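Survey of secondary and tertiary structure
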Amino acid sequence: MTISQNRFLPPVLSLPDLDALEWKSMAEMIRFRENSRPKELLDEQVIVKQMGKRQIVLIADPVAAEEILFRRADQFPKAAIQKKLGHAAFGPGLSGTVGAQNQRQRHAFKPLMVGEQVRIMAEVAKEAADAAVSRYLKAGRIDLGYEMAELAMQIIWATLLGPGRYEGRDPIVAEVITELYAHPKGDFISATGIVRRLADHFEESGRWKRLADDNPLAAITNPDGWTGKHPMSQEELRANAVVMAASGHVTTGLTLAWSAWLLGLFPDDQRRVVQEVDNDEHQESGSFLRQVVNETLRLFPPGAETMRDALSTMQVADQTINPGDLVIVSFYALHRHHRLWQNPDAFQPQRFAAESPEPVMPTAFLPFSGGPGGCLGERLAWAEMLAVLGTLFRHTRVETDPVEADKVGLCPGTCIYPEGALRAQLHPR
Ligand code: HEM
């Protein structure tokens, strides 16, 4: 982070020139690290690089992103290489499958991510946050990075994989998060092994017995798996228990941590949020808190990119995507693109206001990806994040030390993580 005209600029990735990219093999190339994506992508719509016989196409263009992820999604399915990685980490669950198998699982889990479950999520999140806030206030100084990861996992654990209500802080969750937090961020496959312990516990402890019948995970100990409308083998269920725990906590945990940390750095913005929270207006559409979370997701999209295999031809600027190419849509580059945003690296939540003079182009902002391969948990995530931040700012004033904050960097791995702790001092209100 740099201090500019008394405004703080949150951390950026220091990307290398295209010529200096260190891609020695496909395995190297697919790893999202600071030296693996070119800085030219922040100015260009598309960058193409040859990797052996294959063309790798990096996209930071809203129109092309819309074509690839939404309109012509059938011609740009999830990349086999992404499936391979997801499968190695999770097994045959949502992140490790493509095509009909993936769609079947999406249909089975979708009902748990909308409607009544969203209301339950908000309630559980509020209860869990209420309990956590008392603990944070006792501690005074906390690492938001750790605390929000744990809180997000406690919430997902209590709802999707649990009884549907908050029953207090589960020490197993805290243990798992402590270990995950210390784990190297780029090492996605072994990190999943840590989350698997939680899923194993879920199975062994009999917690699955408390799930509603319409939750496929209720059948996790059944050797025949889930025999509902969209059946799943036991292996698929086990993989998905890990997928839900992993994808359901890292993303929201990071967004909560960055949002609270940024509000700690910008007291005027925090005061606006507090006023909304006190009037119970923070969840309304167009609320300033929603603008803050959107701006946080723009600067720090937890999933920085997604990969698709091209099955047909497409023109992007002066480049042609050919069948067989690997297409990487970079959300980080789209969100920080020099031609798409004014002051792209600055924290300016009001750019998401309805009355903003420069309205956000919807496909220039895709933190949840989109289309038939996009995030399944978007509504759950919003319910959880608004409930947690509402509770936090109802009871505390968050203070982030700008000098300390200046030392925080970014660490790209499976997600974009903070490098170092996101420390804040919490004061009772
Ligand atoms: C701030 C919160 C979140 C963000 C920014 C986010 C973002 C994303 C992104 C970028 C993808 C990849 C989509 C693609 O490859 O095109 C994804 C996939 C997924 N997300 Fe989320 N997510 C969030 C929260 C959640 C939550 C709370 C859940 C569930 C409890 C969830 C469940 C999933 C699942 C299951 C997938 C895999 C879908 C598939 O492969 O078919 N996400 N998410």
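Described in the following lines is the structure provided in the data block. Not measured: the values here are computed from a predicted model. (Residues numbered from 1 in each chain as written. Predicted model: local features only at pLDDT ≥ 70, side-chain atom pairs only at ≥ 80, totals over all residues.)

Bringing helix α9 (residues 234-247) into the picture now. The terminal C-alpha atoms of α9, which comprises 14 residues, lie 20 Å apart, in line with the 20 Å expected from a rise of 1.5 Å per residue. When you tally the buried positions in α9, you get 12 out of 14 residues, the bulk of the element. Where α9 is concerned, the buried positions are Glu-236, Leu-237, Arg-238, Ala-239, Asn-240, Ala-241, Val-242, Val-243, Met-244, Ala-245, Ala-246 and Ser-247. Buried residues along α9 sit in contact with α3 (80-90), α4 (99-109), α6 (144-159), α8 (188-204) and α10 (250-265). (Helix = DSSP H or I, 4+ residues; strand = E, 2+ residues; numbered from the N terminus. Expected span 1.5 Å × (residues − 1). Buried ≥ 20, exposed ≤ 12 C-beta atoms within 10 Å, placed from the backbone. Contact = placed C-beta atoms within 7 Å.)

For the rest of this paragraph, the subject is the sheet that holds strand β5 (residues 141-143). The strand order β5-β13-β10 describes an open sheet built from three strands, whose pairing is antiparallel. The outermost strands of the open sheet, each flanked by one partner alone, are β5 and β10 (396-399). If you compare each strand with its neighbour and ignore which way they point, the axes differ by 35° on average. Pairing of β5 with strand β13 (residues 423-428) involves three bridges; the strand directions are antiparallel. By the bridge assignment for β13, Asp-143 is matched with Arg-423. The sheet contacts of α6 involve β5 and β13, and relative to β5 the element is tilted by about 65°. (Pairing = 2+ DSSP bridges. Axes fitted to C-alpha atoms, helices over the stretch in contact; angles between N-to-C directions.)

Close to the ligand lie 27 residues, the nearest being Gly-248, Gly-303, Ser-369, Cys-375 and Gly-377. Mapped onto the shell around the ligand, the elements with two or more residues apiece are α4, α9, α10 and α14 (378-395). Residue composition of the shell around the ligand, grouped by class: 13 nonpolar, 13 polar and one charged. (Near = placed C-beta within 6 Å. Nonpolar A, V, L, I, M, F, W, Y, C, P; charged D, E, K, R; others polar.)

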